[in-house]
Each structure stands twice: as structure tokens, then as C-alpha cells.
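Architecture at a glance
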Amino acid sequence: MKTAIVGAGINGLYLAWQLSKAGHEVTVFEKKEKIGKEACSGLFSERILEFIPESKRLVENEINSVLIHFPKKTLKICFSRKFFVMSHFQLDNLVAGLARNEGAKIILNQAVNSLPEGFERIIGCDGPLSTVRKKLNLAELDYRLAIQGFVSKEDKSDSVETWPIKSGFLWKIPRGKEVEYGIIAKPSLVKGVGDENKSSSSPFTVVRVFDEFLRKRNIQVERMKSALVPQNFCIPANAKITLCGDAAGLTKPWSGGGVIWGLVAAGILLKNFPDFLKYQKEARSFFLPRIISSKICTVGAYFFGFRFPWIIPTKIKIESDFLI
């Protein structure tokens, strides 16, 4: 089928690769002049190899656990599947090459302000502020703001560190040849680190909380980047036009990571293609229970972590991509 994909991010490129491989005529429209997402931690579970086996050569470091530093207790979360640290930019370009090799046409520097004409199917993979989603008059998504910076220091440890804050957390990721620090939280005002159980009339913006965190630890980062992280399931019941990845709000409620969730949704889409209504129904059945249960678990962890930390075990093992 003649198919248009709006957005050359990882989901759009993966779909272009697989649909072209299956014999469909695919055109990808990308508004940027080059392929590759730069504002992303690139922390993916080993499931990434099930979708893109060739990505194994991009691994910079391996992560087996995360330390969560609540004010009065530190928890160690061990993952049932290890995480790989990769360059999202390189991953996108790798998959773009695979898609082109299968015959997909990728048009760069091509902003899409209206739905492409002359196509039998249209797939919106155009990120948090999706034009396709807006053209379908769908509800706006919820957003969090993510900011990251880097320190030129070799660190090959196998554990990430996080510091919970209201509506998000700060992090430290050892990337092998460098260390990444970052924050994700709602763009609205949030309180400072460790202030969740205190009454405070001096709120900080996300940027100020990040600056405060770095200043207290005498950390100077470089190459600062930022991005919006969407959330909320948003796949239309439309026979010819659909959404996938960030455009559909498919990110983990607890971490904001969206690559594996987006690829899982892409797999569901490919299985049902070209029936977008079956894709919507199956994706809804798969993701909604996981989104709801994950939100409940996240709220519970924050509540007990800040107020009753002694109730939570010091060491916990969880599934890497789906808490339940």
C-alpha cells in the first residue's frame, strides 16, 4: 500500500523499514534537515535487540540497577533485563539506513502542515507536538520537561542514580566515556529536592531545581539539551490515519522513556497493517492497563518513599519496561 509516515524518529523509521521490507511503498516526511534525535538519554532495555539486532554495536555501557535516593532512604532497584546506553542519534541513523536499503523514501527538510495527499494510509510519528494528531482534532497530551547535560568523565559503573522530586526526578547516568545528569518534571512549578513533605511557599521552576542540584554538588555540565516528554494514550479510531510513539503519548509513566513502548506499539501496528482499527483496539487493550497500573505504582512509591520509607524494601527487582 502507498503509505506516508510523518516524522523520521525511531518509530517512523522502524515502521518505514518493516513496511518497505513487506513490499509496501513508503514515504517518510521529516521537517529537520538531518535524521537523529539528540535530546535523549538513550537508555534502552535489551529488548531493543529484538527489534533492531544491528543496534548491538552502538552499546556504550550496560546498566543493571538504579539507586533511588529518597531523603531518608536509598532503594536499589534491580532490572530483570539489563539496560543499554546508546546514542539515540546514531540509532536513528542506523535504522534510517536499513529503511532506505529496503526501498523507503525519506524526504528531509519537509515540514508537514497538512495531511499528505495521495496516500492510502498515513501514520503520524511526529513527536509530542504532532501535526497529524492536531489535524485529527484529538485531545492535547500531558507533558513533562526533560533537561540533560554532560560531564567529560569516564564512568563505566552499572547503576543509574536518581533523586525523586515532585512530578519527576533527577538522574545520573554513567555513559562509559562521560556522565549524564538530567531532570524530568512537569513544566509547571515544582518544589526543590527533598521538599515534598514540607510546606513551602517558594517553588522553583524545573530549570532552577536542576541548577540547584548541580550547584550543591559542584557539578558543571556542558552540551545542555531539552525536550518535551508526552504522556497519555492517544491512538485514534480511524481507518486510514493513525499515530505511534511520542505522537500517541506512549511513554513510561515512571521514567518518561518511550523508545521500547513505541516499538512495541509499532509491532502491534505492523501485525495488523493495514487495519488501523484493529491496531487501535489491540494497542488500547495492551497499553491502558499497563499505564494505569504503572501510574498507581509510581504514586505509591513516591508516597511511601517520602513519608514512610521504612515500609519499602531496600532492594527490589522489577521488569525493565513494564512494571506489571
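A brief look at the structure comes next. (Residues numbered from 1 in each chain as written. Predicted model: local features only at pLDDT ≥ 70, side-chain atom pairs only at ≥ 80, totals over all residues. Heavy atoms only, no water.)

1. Thoughts on helix 6 (residues 259-272)
Our working definition: Under the DSSP-based scheme used, a helix requires at least four consecutive residues in state H or I and a strand at least two consecutive residues in state E, with every element numbered from the N terminus. A helix's residues, less one, multiplied by 1.5 Å, set its expected span. Type-normalised accessible area, obtained with a 1.4 Å probe on protein chains alone, sets the label of each residue: buried when under 20%, exposed when over 50%, and partly exposed for intermediate values.
Helix length check: helix 6, at 14 residues, gives a terminal C-alpha distance of 20 Å against a target of 20 Å (1.5 Å per residue), a fit within 8%. All of the buried residues along helix 6 are Val259, Ile260, Trp261, Gly262, Leu263, Val264, Ala265, Ala266, Ile268, Leu269 and Asn272.

2. Quick word on unusual backbone geometry
With omega at 10°, the peptide bond leading from phenylalanine 273 into proline 274 counts as cis. You can see proline 274 is positioned in the loop between helix 6 and helix 7 (276-307). The phi dihedral of asparagine 109 is positive, around 55°, even though this residue is not glycine. With respect to the helices and strands, asparagine 109 occurs in the loop between strand 6 (105-107) and strand 7 (121-124). Positive phi, close to 110°, is recorded for asparagine 232, a residue that is not glycine. Within the element layout of this structure, asparagine 232 appears in the loop between strand 12 (222-231) and strand 13 (241-243).

3. Comments concerning the layout of surface pockets
Going by this rule: Buriedness for pockets is judged along seven lines, at least five of which must meet protein on both sides within 12 Å for an open set on the 1 Å grid over protein atoms alone, while cavities are sets there where a 1.4 Å probe fits but cannot get out, and lining residues have an atom within 4 Å of a point. Grid points are joined across faces, edges and corners, and a volume is the space filled by probe spheres set on the points. Classification convention: Asp, Glu, Lys, Arg as charged; Ala, Val, Leu, Ile, Met, Phe, Trp, Tyr, Cys, Pro as nonpolar; all other residues, Gly among them, as polar.
Here the second largest pocket is characterised by a volume of approximately 580 Å³. In terms of lining, the second largest pocket is formed by 21 residues, of which the most central are Ser167, Gly168, Lys186, Thr298 and Val299. If you list the elements that add at least two residues to the lining of the second largest pocket, you get strand 8 (142-151), strand 12 and helix 7. For the lining of the second largest pocket, the per-class residue count stands at eight nonpolar, five polar and eight charged.

4. As for the nonpolar core
Soluble globular proteins: nonpolar side chains tend toward being buried together. Note the threshold: Residues grouped as a nonpolar core are buried Ala, Val, Leu, Ile, Met, Phe, Trp, Tyr and Cys residues, joined through side-chain atoms within 4.5 Å. We call two residues in contact when some of their heavy atoms are within 4.5 Å.
Counting 65 residues, the largest nonpolar core has Ile5, Leu15, Ile48, Ile52 and Phe287 as its most contacted members. If one sorts the elements of this core by residue count, helix 6 sits on top with nine residues. Once you skip the residues sitting within four places of it in the chain, isoleucine 52 turns out to touch Ile10, Tyr14, Trp17, Leu91, Leu94, Val95, Leu98 and Leu263. If you look at the next biggest cluster of nonpolar residues, it comprises 18 residues, including Val66, Ile77, Val85 and Val229.

5. Thoughts on the side chain of threonine 27
If you trace the backbone, threonine 27 turns up in strand 2 (residues 25-29). Excluding residues that lie within four positions of it along the chain, threonine 27 makes contacts with Thr3, Ala4, Ile5, Lys105, Ile107 and Phe119.

6. Quick notes on the sheet that holds strand 2
To keep things clear, this is the line we draw: Any two strands with at least two DSSP bridges between them are considered paired. Here an angle of 0 to 180 degrees is reported between the N-to-C directions of two axes, which are lines fitted to C-alpha atoms, with helices fitted over the stretch in contact.
Read from one edge to the other, the open sheet built from five strands follows the order 6-2-1-7-13, with strand pairing classed as parallel. Each of the sheet's edge strands pairs with one partner strand only, and the pair in question is strand 6 and strand 13. Taken over all neighbouring pairs, the strand axes of this sheet differ in orientation by 20° on average, direction set aside. Pairing between strand 1 (residues 2-6) and strand 2: five bridges, direction parallel.

7. Thoughts on the packing of helix 1 (residues 10-21) against helix 3 (residues 88-101)
Two packed helices can be described by the angle between their axes and the distance between those axes. The following threshold applies: Should an angle fall under 35 degrees it is called roughly parallel, over 145 degrees roughly antiparallel, and 65 to 115 degrees roughly perpendicular, with every other angle called oblique. Should the near helix be turned anticlockwise from the far one by less than a right angle, the crossing is left-handed, and should it be turned clockwise, the crossing is right-handed.
Axis separation between helix 1 and helix 3 bottoms out at 8 Å; the angle between their running directions is 20°. One way to sum up the angle between helix 1 and helix 3 is to call them roughly parallel. At the point where helix 1 passes helix 3, the crossing takes the left-handed sense. Of the residues in helix 3, those touching helix 1 at Ile10, Leu13, Tyr14, Ala16 and Trp17 are His88, Leu91, Asp92, Val95, Ala96, Leu98 and Ala99. Looking at the contact of helix 1 with helix 3 residue by residue, the class counts come to 10 nonpolar, one polar and one charged.

8. Overview of the packing of helix 6 against helix 7
Axis separation between helix 6 and helix 7 bottoms out at 8 Å; the angle between their running directions is 150°. Classed by the angle they form, the pair helix 6 and helix 7 counts as roughly antiparallel. Handedness of the helix 6/helix 7 crossing: right-handed. Here Trp261, Val264, Ala265, Ile268, Leu269, Lys271 and Asn272 of helix 6 lie close against helix 7, whose contacting residues are Phe276, Lys278, Tyr279, Glu282, Ala283, Phe286, Phe287 and Ile291. Grouping the constituent residues of the contact of helix 6 with helix 7 by class yields 11 nonpolar, one polar and three charged.

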